[in-house]
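In case you want the letters, here they are:
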Amino acid sequence: MANKIVFPENFIWGSATASYQIEGGVNEGGKGESNWDRFSHTPGKIMNGDTGDVANDHYHLWRNDIRLMKKIGLKAYRFSVSWPRILPKGYGKVNKKGLDFYNRLVDGLLKAGIDPYITLFHWDLPQALEDEGGWPSRSTVDAFVEYSDVVTKSLGDRIKHWTTLNEPACSAWLGYETGVYAPGVRDLPQAIRASHHLLLAHGLAIPIIRRNSSGAEVGITLNSNWTVAASNSALDLDAVRQGDGKWVRWFADPLYGRGYPSDIVADFERQGALPNGLDFIQAGDLKAIAAPLDFLGINYYNRGLVRVNHPNNEPQKIFLFPKTPENWTEMDWENYPDGLTGVLSRFYFNYQPLKIYVSENGASYSTPPDENGNVPDVHRTNYLKTHFAAAHRAIQAGVPLAGYFVWSLMDNFEWSFGFGQRFGIVWVNFETQERIIKDSAKWYKRVIRRNGF
Ligand code: FCB
């Protein structure tokens, strides 16, 4: 059968994970405590009291996991490095065993013909740094630059793709404002300082990464859903401005040299969240944050329909259709492929990144193995198929999309949901660590081979 949808030649088909979500090995090989170790061991923070102590035991099973990737035919693998494995206290003494682990992993991937894409920070901060103030404290910026230097010196000869941060909006707003992620702080003024220090850490690390890993491309990953108002009321439209401004423009604008969006600064002022104004921005910071990028990673999952409760209006119904597994995933997120076309186009046409990757996209469905040992996760295949097609429409509109990383290679520790949400294209039995390639991964394998479907 001829392909209907063909992707550009050399399109990068990959899959993604993150250190805390899969590694386990919590106290092994000299690793220090992370803020997620501390958070997941705090009663009431994670569903079912789950922790990442063992998770997918990837720390021991990584060879097996590379074999799985090879079987699926992945061209690339996006993973993150655990900062406390490298610098148990956040800075200072380097733990060589931690570097050895990633060196072996990288060599194993290269040997298998899989291109490693490394993210330096996917949320697991050394707890020692959290104790010294975490991201709201400017000293964490220096520690990140030191950490980036150590990692890129060690792996920079073989790694061609570096991502500084994954979803700094989640680190700042979920970690320090709503407190649903580690470290569980609830304080908007601190969260705003955290957001600036995250961006600054990114910007200051870039020249170091380029120096240690010549010829490699460097970027950052932002998250965005497709935010739309549930009605044309002024309140709903303003809620979209606010939500999108705080979650997307607050990060993308300074990265692309525009400074912080003034309407969001005004929102924060109104909320009393800037008691000392923007005193945390020092001379040169905005220039450092706007360091040129080789690519932008975008994580997209769903549409965000925004409604404000109108005191004098009939409450509007937000989602007008009955929820089915086709239009609604188990994460309680809508399956809305057109939003991916929209988000990719919006980033490209508003900010002109040189190159874009979908650094994450995928769906949570818990479909278990059947009696024949297959995992018939048809809804995930449908989700991926419709989103690949949506990404292809963005390419046709001119978006320089170079690759796509399905979230996730395997079921794993889904942050505050613990093991209750399964995003993997590989099934994991968390008691036995058995892995089963799901039907969606078999379908993905054919897509990769044919570069389309
Ligand atoms: C993203 C995270 C990733 C995963 C997915 C479902 O926000 O980057 O680690 O948890 O959501």
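Residues numbered from 1 in each chain as written. Predicted model: local features only at pLDDT ≥ 70, side-chain atom pairs only at ≥ 80, totals over all residues. Heavy atoms only, no water.

Caption draft 1: Expanded view of the overall build of the protein. Across its full length, the protein carries 15 helices and 12 strands. On C-alpha atoms alone, the protein measures out to a radius of gyration of 21 Å, which is about the 22 Å that the 2.2 N^0.38 rule sets for 453 residues. With the principal axes as the frame, the protein shows a C-alpha extent of 60 × 60 × 45 Å. With 453 residues in all, the protein has 61% of them scored as buried. Counting contacts in the protein only where the partners sit at least 6 residues apart, residues at least 24 apart contribute 78% of the total. In the structure as shown, the protein presents an accessible area of about 17,600 Å², 53% of it carried by carbon and sulfur atoms. Here the protein contributes 48 positively and 49 negatively charged side chains, and the mean placements of these two sets differ by 6 Å. (Helix = DSSP H or I, 4+ residues; strand = E, 2+ residues; numbered from the N terminus. Rg over C-alpha atoms; globule rule 2.2 N^0.38 Å. Buried < 20%, exposed > 50% of the residue type's maximum accessible area, 1.4 Å probe, protein only. Contact = heavy atoms within 4.5 Å. Areas by Shrake-Rupley, 256 points an atom, 1.4 Å probe, with all protein chains shown as cover. Lys, Arg positive; Asp, Glu negative; His and termini not counted. Charge placed at Lys NZ, Arg CZ, Asp CG, Glu CD.)

Caption draft 2: Representation of the environment of Glu434. With respect to the element layout, Glu434 can be found in the loop between strand 11 (426-428) and strand 12 (435-437). Remark: the alpha-carbon pair of Glu434 and Val185, spanning 249 residues in sequence, is separated by 36 Å. The residues contacting Glu434, other than those within four sequence positions of it, are Trp427, Val428 and Asn429.

Caption draft 3: Broad picture of the site of the ligand. In the vicinity of the ligand, the contacting residues are Gln21, His122, Trp123, Asn166, Glu167, Asn299, Tyr301, Glu360, Trp407, Glu414, Trp415 and Phe423. Contacts to the ligand include His122, whose side-chain N or O atom sits 2.8 Å from an oxygen atom. A distance of 2.6 Å is found between an oxygen atom of the ligand and a side-chain nitrogen or oxygen belonging to Glu167. A total of 300 Å² of accessible area belongs to the ligand in isolation, and the protein chains cover 96% of it. Residue classes in the shell around the ligand are distributed as five nonpolar, four polar and three charged. (Near = heavy atom within 4 Å. Polar contact = N/O pair within 3.5 Å; in protein donor to acceptor, adjacent residues only side chain to side chain. Nonpolar A, V, L, I, M, F, W, Y, C, P; charged D, E, K, R; others polar.)

Caption draft 4: Expanded view of the pairing of strand 1 (residues 12-16). The buried count for strand 1 comes to five of five residues, which makes it a mostly enclosed element. Both faces of strand 1 are covered, namely the face carrying Ile12, Gly14 and Ala16 and the face carrying Trp13 and Ser15. Sheet topology places strand 1 next to strand 10 (residues 401-407); five bridges connect them, and they run parallel. When the bridges of strand 10 are listed, Trp13 appears paired with Tyr404. With three bridges connecting them, strand 1 and strand 2 (residues 76-80) associate as parallel partners. (Pairing = 2+ DSSP bridges.)

Caption draft 5: Layout of the packing of helix 10 (residues 234-255) against helix 11 (residues 262-270). Packing of helix 10 against helix 11 leaves a shortest axis separation of 9 Å and a crossing angle of 115°. Of the possible angle classes, the one that applies to helix 10 and helix 11 is roughly perpendicular. Classified by chirality, the crossing of helix 11 by helix 10 is left-handed. Contacts from Arg241, Gln242, Gly245, Lys246, Arg249 and Trp250 in helix 10 reach Asp263, Ile264, Val265, Asp267, Phe268 and Arg270 in helix 11. Class assignment for the residues of the contact of helix 10 with helix 11 results in four nonpolar, two polar and six charged. (Axes fitted to C-alpha atoms, helices over the stretch in contact; angles between N-to-C directions. Parallel < 35°, antiparallel > 145°, perpendicular 65-115°, else oblique. Left-handed = near helix turned anticlockwise from the far one by under 90°.)

Caption draft 6: Structural context of the pattern of salt bridges. What the rule picks out here adds up to 28 salt bridges. One salt bridge connects Asp244 with Arg249, and the closest N-O pair in it is separated by 3.7 Å. We note a salt bridge from Arg380 to Asp377, for which the minimum N-O separation is 2.8 Å. Asp377 sits in the buried class, given a relative accessible area of 1%. Through salt bridges with shared partners, one network takes in Asp238, Arg241, Asp244, Arg249, Asp263, Asp267, Arg270 and Arg346. (Salt bridge = Lys/Arg side-chain N within 4 Å of Asp/Glu carboxyl O.)

Caption draft 7: Structural detail: the sheet that holds strand 10. Read around the closed barrel, eight strands run 1-2-3-4-5-7-9-10, paired in parallel fashion. Each strand of the sheet is rotated relative to its neighbour by a mean of 25°, with strand direction disregarded. Bridging between strand 4 (residues 161-166) and strand 5 (residues 217-223) involves four bridges; their strand directions are parallel. Paired with Thr163 across the two strands is Gly219, which belongs to strand 5. Relative to the sheet, helix 7 (residues 139-155) contacts strand 3 (115-121) and strand 4, its axis offset from that of strand 3 by approximately 160°. Together, strand 1, strand 9 (356-361) and strand 10 form the strand contacts of helix 14 (residues 378-396), whose direction differs from that of strand 10 by roughly 165°.

Caption draft 8: The arrangement of the packing of aromatic side chains in detail. With the rule as written, the count across this model stands at 49 aromatic pairs. Taken together, the aromatic side chains of Tyr20, Trp36, Phe39, Trp123, Tyr181, Phe413, Trp415, Phe419 and Phe430 make up a single cluster linked through ring pairs. Over the aromatic face of Trp173 sits the side chain of Lys246, whose NZ or CZ is 5.0 Å from the ring centroid. A cation sits over an aromatic face here: Arg303 above Tyr336, 4.0 Å from the ring centre. (Phe/Tyr/Trp six-rings, centres within 6.5 Å; stacked < 30°, edge-to-face > 60°. Lys NZ or Arg CZ within 6 Å of the ring centre and 35° of its normal.)

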